[in-house]
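Fold and contact review
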Amino acid sequence: MSTVKVGWSHLPLQGALISSQQNLCGTRLATSTEDDSQSSEIQIWEPGLGQGEWNLLSQIQTPDPIVQFVWAHQEFGFLLSGCSSSGGVYVWEAPRPQDSKANADEAAAVEDEEMNGEDEPEWKQRFGMKCSTAPISDLVFVPRQLGLALAVASEDGNVCVLEAERPMAPNAWALQSKFMVSSKKGPVCLAWRPFTPCLAPLLVVGSTEGAQVWQYLPSFMKWQKVVALPLSSSAHGVSSLHWAPTLGRQVDLLAVAHGCFVDIFSLAGSLSSQDKLNCELLASLEHSSNVWKVEFNMLGNCLASATDCNHVHLWKSDFVGAWQLVSVIQGAEDAEEAEA
Amino acid sequence: MNVSTAADAQQVENQVVARVPCAAGARLQFSWGLGAELRLCEIQHPVSKSGGVEAAQSNVVWSAPSASHKALSFAVAPHQAKLIQGSCGGKDADASGLVALEHAVWQLLEMFYVKDMARWLEDNEGVICRHLGTRSLQERLNDAMESVRPDVLEDYWPCLQSLVAVGRSEDALSLLAAHDAMKMQQQCDIPTAMLPQGILAAAAAGILAAAAAAGILAAAAAGILAAAAAAGILATAVRASWQQQCRDLPTQCADLFQGCADINDKTATGVLAILSVLGGDEGHVAESASNWLDLLVSELVHQHPNVKAQQHLHSLMHRCLQVHPIDAEGKDQVLELMFNLMEAMVESEVQRVVEVLSSSGAVSPFFMAHMYELMYTSSSNARLGMSVSVIERPLPLFGGDQVEYWRLLFAETLMSHPSTWKLALDYLAWCPLHGADAAESFLEALPYGSENTQLVHRALHQCTEHNLSATANSICRTAGCCAWYQGRIGEAVRWFARARDERRLAGALEPAMLQIEAALVSNVGNYQARALTADNYGDLATLLETVITSSSETCKEGSATAVPTTASFLLAFVKLQRAIQGSIHTQSDELQRAIQGSIHTQSDEALAGTSDARLAYAGVRDNFMDLVNHNAVPKRLVPSLLFSIIPFLEADGCMPFTSADVQSLTRWLSSCLAVPDPLVAKSSVSTPLHARHIKDSTAVSIEIIESRRASGREIERSQISIFGGCKIQV
């Protein structure tokens, strides 16, 4: 890290920020807030002209606070999904051309009303359903090559896969499958294996009972457990996991966070009935406090882990495959003063 | 299993590279951006509920290539491409490519070749001294040369001695010429009292000049790699004789030195020191060096000109280090890096060279990505004897070799910047194992906004260049979506067609389909010929024609792409509406002519019988039959579409539809109604009104067709019951 450039801006929000997520290309930011009156809203932002500046595009009231967001791949349009702790799963979409027309018609009808200039059509909730009576703890879109579908994990140990009936029509979703991954109640987290042609979808699921890899069997239209990952310690449930982009690797890499540890696994072998997946614990990365999120970068050569003490650690594997802490990004109250 | 720890607070503190705003007790949410970029945001802790107020969204980008690295990369890329193409064909790289590469990464080259150690030190001592916080020899020389009387400066003779020690004879001669006595002597205006000084300075200059002319110092300075060339017996003998003369001179000219010392002791001592250095005196050589690197070069120049890297240099380096030890805690880190690096190099430990550089943090990913080319070059140099087989081994987990590892890392740093994304793709293209997949992921993540069509076109061009067709389709879909959300339906259709994505194409055309459907519904019960919304689709028709033509061409080329049915239907429908519009105009024109010509008022049937009207009606028939034959009409629209054509079916005077047509229509209607349309239930116009319209239009269509069939007497009675059945079903 010879040079490091840091920039930030404060978001003009009412209430506390519960969740935020930027889309991959960085053109939209979704935030969710809750104020003292328990009123929940989500906000959609786009980059402003200034460095690090964000302009509010849309603000939508939500029935429950949205605890997590996930953006669909941009080939599905501007599509955002979120979940709540009351079991709701929602999909919001950018204004459609019809919306603009409808708004224009409406504006013409009430042209004598005040000219406030705020005639930009709002983002709309296209879909909402109660997926579970338990809180939703994770949701993630499937790899774009598999279509527009969402995997949703709830704290009752179930995973639902919802599939949009048509692309560009995110108002109709069908329950494609539902399966139980844990008999114990508690947070469940998910990560898809990046798409590979001719390979059935694979999902890694973490729960209080550990981490397991599940495979979809298209011929039976059901999910089946393939392998359980042998965690370095069973003292804590899995808080986060991520499947590294496969690129041209011979083996797949998975990162599983539990307690203060992040375990890195390699997965190799065939999914055919004769062979079994060969799973190996490559490294266990110890942190000073609990890790709540892990994610590999786009090339799968760097792993970021966020801890409860506001550190984001960056880990890389060296030439012999040993994982090294290469950098730390620290969240600090006095960061602005220090910068000044 | 390997256990790494970040639990030690001090270790973590040492690794902090950036600090971003975040309240205590809150959480720092993050997501990866493009390349070496992290996006962070403070959010409320879900359990303690602290933080998240006035939250800041932060962005951290690291290893950003500097402006010079970017410029270098752009310059190097074409040569690198040549080099890689060359190496694909065989191990011998293209020489011209190498030369250009060497020029671009000269610093790197000199580090690894070490073909002229003294020259390398001359070029780079400024950088080293800056890191050490000391004045470089060049700075000292400049200061002396800028002085009116350099010889009276305290640093004059030490500087001169150091210049001689490190083999910079030209600079030493210039400085010597700046001595006051030398200047006076040159002007033949030297006072007698200063004569000994002048003679001694001139003698020293003469020896230096002679050595330079004979190439004695240059040959010695060529150091490690050139040593073999200079190590001929003759060269060694000449050198030994010359050094002996340098050593003998003070004894032979003792009176002169004494005379000079009486007048100016500094000059006498200075010249003595220079002669001692030239004579290879260990003490004086060591005295003139300020660090182990200077000493090493001085030793190579004056004491060990024939040293061979692997055999002698290692021990020589350690001896120099003993004389000038490194203060690793202080500012001497650069000297430590140089020592470790040279040690690895002289021992031909390629892997150690890589490790020293990568762990030093002193070199950029650019440097790391390019140094392997030089290693390959030096491996072909038998004298250095480096073996590169180790760097070609696949790395565990990564799969590729080290070269690919660093290239990928450098490409990653280029990804974060809009100005270098194409360059990033070039570097990814040189990664044989991971490049294609990485390029795919990267290209799919670029911000293809609606206002960024240039980027879309450039990215598509790159996809073509790098043979990434699936990525190109994804980019087209993304561009189509962006255009669609902006209300540019035509552009969206074009992108979706290019992506060969029929489902999205249908989705994009859905507003047009809905409009047509609504128009057809509203037309039920109207028994007059009229065009439905044809004027609105003028541009769309042109676009659809292009889409369909290009799709057909793609089909001919062997691609498994079908002509999009929605587009086909829409185009055929628009054409039909135009034909209907045309027939109506023909009718009204003829009526107008009839009125103007005071001809007797004629009936509609009679007008339709005229040739123009016949042609217009035939056009309607042709277009309608095209629509039917295309098999692209959504089943739910069949009855209402058929209903809209009723006035032409009933136009008995003109008879545009033949009996065969009627038979064909019968078959079409029965086949369409026999299979329920899956989209009917989901259609946004599947209202009670829609259901009623289907019933009405089906009933009337059947009635008319029955009547036409009866008049044609070519339809079997039994088939009529089919329609009855369908009517009940609907």
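Analysis parameters
Residues numbered from 1 in each chain as written. Chains lettered and ligands numbered in written order. Predicted model: local features only at pLDDT ≥ 70, side-chain atom pairs only at ≥ 80, totals over all residues. Heavy atoms only, no water. Helix = DSSP H or I, 4+ residues; strand = E, 2+ residues; numbered from the N terminus. Buried < 20%, exposed > 50% of the residue type's maximum accessible area, 1.4 Å probe, protein only. Areas by Shrake-Rupley, 256 points an atom, 1.4 Å probe, with all protein chains shown as cover. Rg over C-alpha atoms; globule rule 2.2 N^0.38 Å. Contact = heavy atoms within 4.5 Å. Lys, Arg positive; Asp, Glu negative; His and termini not counted. Charge placed at Lys NZ, Arg CZ, Asp CG, Glu CD. Axes fitted to C-alpha atoms, helices over the stretch in contact; angles between N-to-C directions. Parallel < 35°, antiparallel > 145°, perpendicular 65-115°, else oblique. Nonpolar A, V, L, I, M, F, W, Y, C, P; charged D, E, K, R; others polar. Pairing = 2+ DSSP bridges. Buried area = accessible area lost by both parts, 1.4 Å probe. Salt bridge = Lys/Arg side-chain N within 4 Å of Asp/Glu carboxyl O. Polar contact = N/O pair within 3.5 Å; in protein donor to acceptor, adjacent residues only side chain to side chain. Phe/Tyr/Trp six-rings, centres within 6.5 Å; stacked < 30°, edge-to-face > 60°. Lys NZ or Arg CZ within 6 Å of the ring centre and 35° of its normal. Core = buried A, V, L, I, M, F, W, Y, C linked by side-chain atoms within 4.5 Å. pLDDT = per-residue confidence, 0-100. Disulfide = S-S within 2.5 Å.

Looking at the overall build of chain B
Scanning chain B from terminus to terminus reveals 39 helices and five strands. The buried share of chain B, reckoned over its 730 residues, is 52%. For chain B, the computed accessible surface area is about 31900 Å², with 53% contributed by carbon and sulfur atoms.

Looking at the overall build of chain A
Helices and strands together make up the secondary structure of chain A, namely two helices and 25 strands. On C-alpha atoms alone, chain A measures out to a radius of gyration of 21 Å, which is about the 20 Å that the 2.2 N^0.38 rule sets for 340 residues. Counting only C-alpha atoms and orienting by the principal axes, one finds that chain A spans roughly 70 × 55 × 40 Å. The 340 residues of chain A split such that 59% are buried. A fraction of 45% describes how many contacts in chain A between residues 6 or more apart in sequence connect residues 24 or more apart. Of the roughly 14100 Å² of accessible surface on chain A, 49% is carried by carbon and sulfur atoms. Charged side chains of chain A number 19 positive and 39 negative; the gap between the two group centres comes to 13 Å.

Side note on the packing of helix α24 (residues 435–444) of chain B against helix α26 (residues 469–485) of chain B
Residue and element names in this part refer to chain B. At a minimum axis distance of 10 Å, the contact between α24 and α26 shows a crossing angle of 5 degrees. Considered as vectors, α24 and α26 are oriented roughly parallel to each other. Listed contacts from α26 to Glu440, Leu443 and Glu444 of α24 are Thr471, Ser474 and Ile475. Each residue belonging to the contact of α24 with α26 can be placed in one class, and the counts come to two nonpolar, two polar and two charged.

Quick notes on the pairing of strand β24 (residues 311–317) of chain A
Residues and elements named next belong to chain A. The element β24 is extensively covered by neighbouring structure, given that seven of its seven residues are classed as buried. Side-chain alternation along β24 places His311, His313, Trp315 and Ser317 on one buried face and Val312, Leu314 and Lys316 on a second face that is also buried. Of the strand pairs in this sheet, strand β23 (residues 302–307) and β24 are connected by five bridges, and their pairing is antiparallel. Looking across to β24, one finds that Cys302 is bridged to Lys316. Hairpin remark: β23 followed by β24, antiparallel, with three residues in the connecting loop; positive phi at Asn310, about 65 degrees. Remark: five residues form the turn of the hairpin made by β24 and strand β25 (residues 323–332), two consecutive strands paired antiparallel; Gly321 in that turn has positive phi of roughly 85 degrees.

Notes on the interface of chain B and chain A
When the parts of a complex come together, some accessible area is lost, and that lost area is often taken as the interface size. Chain B puts 95 residues into the contact, and the matching count from chain A is 97 residues. Between chain B and chain A, the buried area comes to about 8700 Å², and carbon and sulfur atoms account for 58% of it. Of all residues in chain B, Trp32(B), Leu397(B) and Tyr485(B) give up the largest surface area on contact with chain A, accounting jointly for 10% of the area buried on that side. For the interface between chain B and chain A, the tally reads four salt bridges. Note that Asp308(A) is salt-bridged to Arg27(B), the shortest N-O span being 3.2 Å. Counting across the chain B and chain A interface gives 38 residue pairs in polar contact (both at pLDDT 80 or more). Residue composition of the side of chain B that touches chain A, grouped by class: 56 nonpolar, 25 polar and 14 charged.

Focus on the environment of Asn473(B)
By the element assignment, Asn473(B) lies in helix α26. Every residue in contact with Asn473(B), bar those within four places of it in the chain, is listed here: Arg498(B) and Ala499(B).

Side note on the environment of Ala209(B)
Residue and element names in this part refer to chain B. Tracing the sequence through the fold places Ala209 in helix α10 (residues 195–214). Using a relative accessible area of 34% as the deciding quantity, one classes Ala209 as partly exposed. The sequence separation of Ala209 and Ala177 amounts to 32 residues, and the corresponding C-alpha distance is 11 Å.

Focus: the packing of aromatic side chains
A complete count under the given rule lists 21 aromatic pairs over all chains for this structure. With a centroid separation of 4.9 Å and 35 degrees between ring planes, the pair formed by Phe179(A) and Trp214(A) is classed as tilted. Taken together, the residues Phe179(A) in strand β13 (residues 169–180) and Trp214(A) in strand β16 (residues 210–217) connect sequence positions 35 residues apart. Ring-pair connections join several aromatic residues into one group, and the members of that group are Trp71(A), Phe78(A), Trp123(A), Trp484(B) and Tyr485(B). Across the ring face of Phe30(B), the terminal group of Lys293(A) is positioned such that the distance to the ring centre comes to 4.8 Å. If you follow Arg494(B) out to its NZ or CZ, it ends over the ring of Trp495(B), 5.4 Å from the centre.

Observations regarding the nonpolar core
Residues Leu150(A), Phe569(B), Phe624(B), Ile645(B) and Trp668(B) are the most contacted members of the largest nonpolar core, which totals 75 residues. Not counting residues up to four positions away in its chain, the partners in contact with Ile645(B) are Leu576(B), Ile580(B), Val620(B), Phe624(B) and Phe657(B). Counting residues in hydrophobic clusters, the runner-up holds 61 residues, among them Leu337(B), Leu414(B), Tyr427(B) and Cys476(B).

Looking at the sheet that holds strand β8 (residues 88–93) of chain A
Residues and elements named next belong to chain A. Taken together, the four strands give an open sheet; going across it, the order is β6-β7-β8-β9, and neighbouring strands pair in antiparallel fashion. Looking at which strands have only one partner, the edges of the open sheet turn out to be β6 (66–71) and β9 (124–130). Taken pair by pair, the neighbouring strands of this sheet meet at an average axis angle of 20 degrees, ignoring direction.

Description of unusual backbone geometry
Residues other than glycine predominantly adopt negative phi, and peptide bonds predominantly adopt the trans conformation. Positive phi, normally seen in glycine, also occurs at Met168(A), with a value near 65 degrees. Relative to the helices and strands, Met168(A) resides in the loop between β12 (158–166) and β13. Backbone geometry at Glu54(B) places phi at a positive 50 degrees, although glycine is not the residue there. Checked against the element boundaries, Glu54(B) lands in the loop between β4 (37–43) and β5 (56–62).

A look at the pattern of salt bridges
Within the structure shown, the criterion is met by 24 salt bridges over all chains. The partner of Arg319(B) in a salt bridge is Glu282(B), with the nearest N and O atoms 3.9 Å apart. With Arg319(B) in helix α18 (residues 309–323) and Glu282(B) in helix α16 (residues 282–288), this pair connects stretches of sequence that are 37 residues apart. The class of Glu282(B) is partly exposed, set by a relative accessible area of 49%. Between Glu491(B) and Arg488(B) there is a salt bridge whose closest N-O contact spans 2.6 Å. Of the residues examined, Arg488(B) reaches a relative accessible area of 31% and is grouped as partly exposed. Connected through salt bridges with shared partners, the residues Glu75(A), Arg144(A), Glu444(B), Arg477(B), Asp501(B) and Arg504(B) form a single ionic network.

Focus on the packing of helix α5 (residues 117–132) of chain B against helix α19 (residues 333–346) of chain B
All names here are of chain B. Between α5 and α19, the shortest axis-to-axis distance is 10 Å and the interhelical angle comes to 145 degrees. Contact residues: α5 offers Met117, Trp120, Ile128, His131 and Leu132, while α19 offers Val334, Leu335, Met338 and Met342. For the contact of α5 with α19, the class distribution of residues is eight nonpolar, one polar and no charged.

Examining α24(B)
Among the residues of α24(B), Gly435(B), Ala438(B), Ala439(B), Phe442(B), Leu443(B) and Glu444(B) are the ones counted as buried. If you follow the buried residues of α24(B), they end up packed against α22 (402–415), α23 (421–429), α25 (453–466) and α26 of chain B.

Observations regarding the confidence of the model for chain A
Looking at chain A, pLDDT values average 88 and 90% of them are 70 or higher. Note that pLDDT drops below 50 for residues 112–117 of chain A; the model gives that stretch zero contacts with residues more than four away or on any other chain.

Looking at the sheet that holds strand β2 (residues 16–22) of chain A
Residues and elements named next belong to chain A. The strand order across the open sheet formed by four strands is β2-β3-β4-β5, and the pairing between neighbours is antiparallel. Each edge of the open sheet carries a strand with a single partner, namely β2 and β5 (54–62). Adjacent strand axes in the sheet meet at a mean angle of 20 degrees, parallel and antiparallel pairs treated alike. Pairing between strand β4 (residues 40–47) and β5: eight bridges, direction antiparallel. Following the sheet pairing, Trp45 is matched in β5 by Leu56.

Quick word on the state of the cysteines
Taken as a whole and assessed by the stated rule, the structure comprises zero disulfides over all chains. A disulfide-free cysteine, Cys25(A) has its sulfur positioned 8.0 Å from the sulfur of Cys482(B), the nearest such atom. Residue class for Cys25(A) comes out buried when judged on its relative accessible area of 11%. Cys482(B) takes part in no disulfide bond, and the closest cysteine sulfur to it belongs to Cys481(B), at a distance of 7.0 Å.

Considering the side chain of Ser58(B)
Along the polypeptide, Ser58(B) turns up in strand β5. What Ser58(B) contacts, discounting residues up to four positions off in sequence, is Gly7(A), Trp8(A), Val20(B), Pro21(B), Leu38(B), Arg39(B) and Leu40(B).

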